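# Notes for the structure review
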Amino acid sequence: MNEKVLAALNKQINMEMRAYYTYLSMAAYFESEALSGFAAWMQHHSGEEMMHAMKIYDYIHERRGRVVLDALPSPQNTWESPLRAFEDALHHEQAVTASINALVDLARAERDHATDHFLQWYVNEQVEEEAVVDAAIQKLKRIGDFGPGLYLLDRELGEGSGESEAEAEVD
Ligand code: FEO
């Protein structure tokens, strides 16, 4: 397959794995704060990121390309508050969206129609990814320092964490 597209896809695997690692670290942070619902939601989300990486891994092999894995940086381990963690998650999702869009541009410039088509799944997925994280941010902002609100949101997120991302939307 096209070398430039292959290199960019390998970079995207690393970015998805970084998201996996970052969200797993956020799950561990929530566990340490005794927010088990937040932790379950974030752990479920980290699993989705691993799936995003593996989808590209499988696609590269299907195209007879070579997967090359790179190192993962240490993730941040603590946050000032649940709101700050979710805000970081949104920034991460926005960076992933920008990276997917750049990949689509590259696939089109290189006339790699199959990869362009493959990436459309990610374009749609990112709309949902940003929306679910933003929905949690809006609720956390409304709750502020109100403890019972945080308790209820923790329960709500915990109940939705085993479902698909669409079903797990917090709104
Ligand atoms: Fe795989 Fe949340 O972007």
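The coordinates are above.
Quick caveat, the model's predicted, so the values are computed rather than measured.

Counting its secondary structure elements, the protein chain contains five helices and zero strands. Helices (α) and strands (β) of the protein chain occur, in sequence order from the N terminus, as α-α-α-α-α. Computed over C-alpha atoms, the radius of gyration of the protein chain comes to 17 Å, within 12% of the 16 Å expected from 2.2 N^0.38 for 171 residues, which places it in the range of a compact globule. The principal-axis extent of the C-alpha atoms belonging to the protein chain is close to 55 × 30 × 25 Å. In the protein chain, once contacts between residues fewer than 6 apart in sequence are set aside, the share between residues at least 24 apart is 80%. Put simply, the protein chain shows about 9,000 Å² of open surface, and 51% of that area lies on carbon and sulfur atoms. For the protein chain, the distance from the average position of its 14 positive side-chain charges to the average position of its 31 negative side-chain charges is 8 Å.

Now for the environment of His117. The topology assignment puts His117 in helix H4 (residues 113-143). Along the chain, His117 and Val104 lie 13 residues apart, while their C-alpha atoms are 8.8 Å from each other.

Glancing now at the environment of His92. Mapped onto the elements, His92 comes out in helix H3 (residues 82-109). Not counting residues up to four positions away in its chain, the partners in contact with His92 are Met15, Arg18, Ala19, Thr22 and Tyr23.

With that settled, consider the nonpolar core. By size, the foremost hydrophobic cluster in this structure holds 25 residues, and its most contacted members are Met26, Phe30, Phe38, Trp41, Met42, Phe86 and Val133. Every element with two or more residues in this core is listed here: helix H1 (3-32), helix H2 (36-62), H3, H4 and helix H5 (147-160). Apart from the residues within four sequence positions on either side, Phe30 is in contact with Leu35, Phe38, Ala39, Met42, Pro82, Ala85 and Phe86. With 20 residues, the next largest nonpolar core counts Leu6, Leu9, Met17 and Leu103 among its residues.

Quick look at the packing of H4 against H5 now. It is at 9 Å that the axes of H4 and H5 come closest, and there the two elements cross at 160°. As the angle between them shows, H4 and H5 are arranged roughly antiparallel. Handedness of the H4/H5 crossing: right-handed. Of the residues in H5, those in contact with Lys139, Leu140 and Ile143 of H4 are Gly149, Leu150, Leu153 and Glu156. When its residues are assigned to classes, the contact of H4 with H5 shows four nonpolar, one polar and two charged.

A full pass over the atoms with the stated rule returns six salt bridges. With its nearest N and O atoms 3.2 Å apart, the salt bridge here joins Lys4 to Glu110. With Lys4 in helix H1 and Glu110 in the loop between H3 and H4, this residue pair connects regions lying 106 residues apart in the sequence. On the basis of relative accessibility, which here comes to 53%, the residue Lys4 falls in the exposed class. With relative accessibility at 27%, the residue Glu110 sits in the partly exposed group. Connected via shared salt-bridge partners are Glu80, Arg84 and Glu87.

Cut-off values and rules
- Residues numbered from 1 in each chain as written.
- Predicted model: local features only at pLDDT ≥ 70, side-chain atom pairs only at ≥ 80, totals over all residues.
- Heavy atoms only, no water.
- Helix = DSSP H or I, 4+ residues; strand = E, 2+ residues; numbered from the N terminus.
- Rg over C-alpha atoms; globule rule 2.2 N^0.38 Å.
- Contact = heavy atoms within 4.5 Å.
- Areas by Shrake-Rupley, 256 points an atom, 1.4 Å probe, with all protein chains shown as cover.
- Lys, Arg positive; Asp, Glu negative; His and termini not counted.
- Charge placed at Lys NZ, Arg CZ, Asp CG, Glu CD.
- Core = buried A, V, L, I, M, F, W, Y, C linked by side-chain atoms within 4.5 Å.
- Buried < 20%, exposed > 50% of the residue type's maximum accessible area, 1.4 Å probe, protein only.
- Axes fitted to C-alpha atoms, helices over the stretch in contact; angles between N-to-C directions.
- Parallel < 35°, antiparallel > 145°, perpendicular 65-115°, else oblique.
- Left-handed = near helix turned anticlockwise from the far one by under 90°.
- Nonpolar A, V, L, I, M, F, W, Y, C, P; charged D, E, K, R; others polar.
- Salt bridge = Lys/Arg side-chain N within 4 Å of Asp/Glu carboxyl O.

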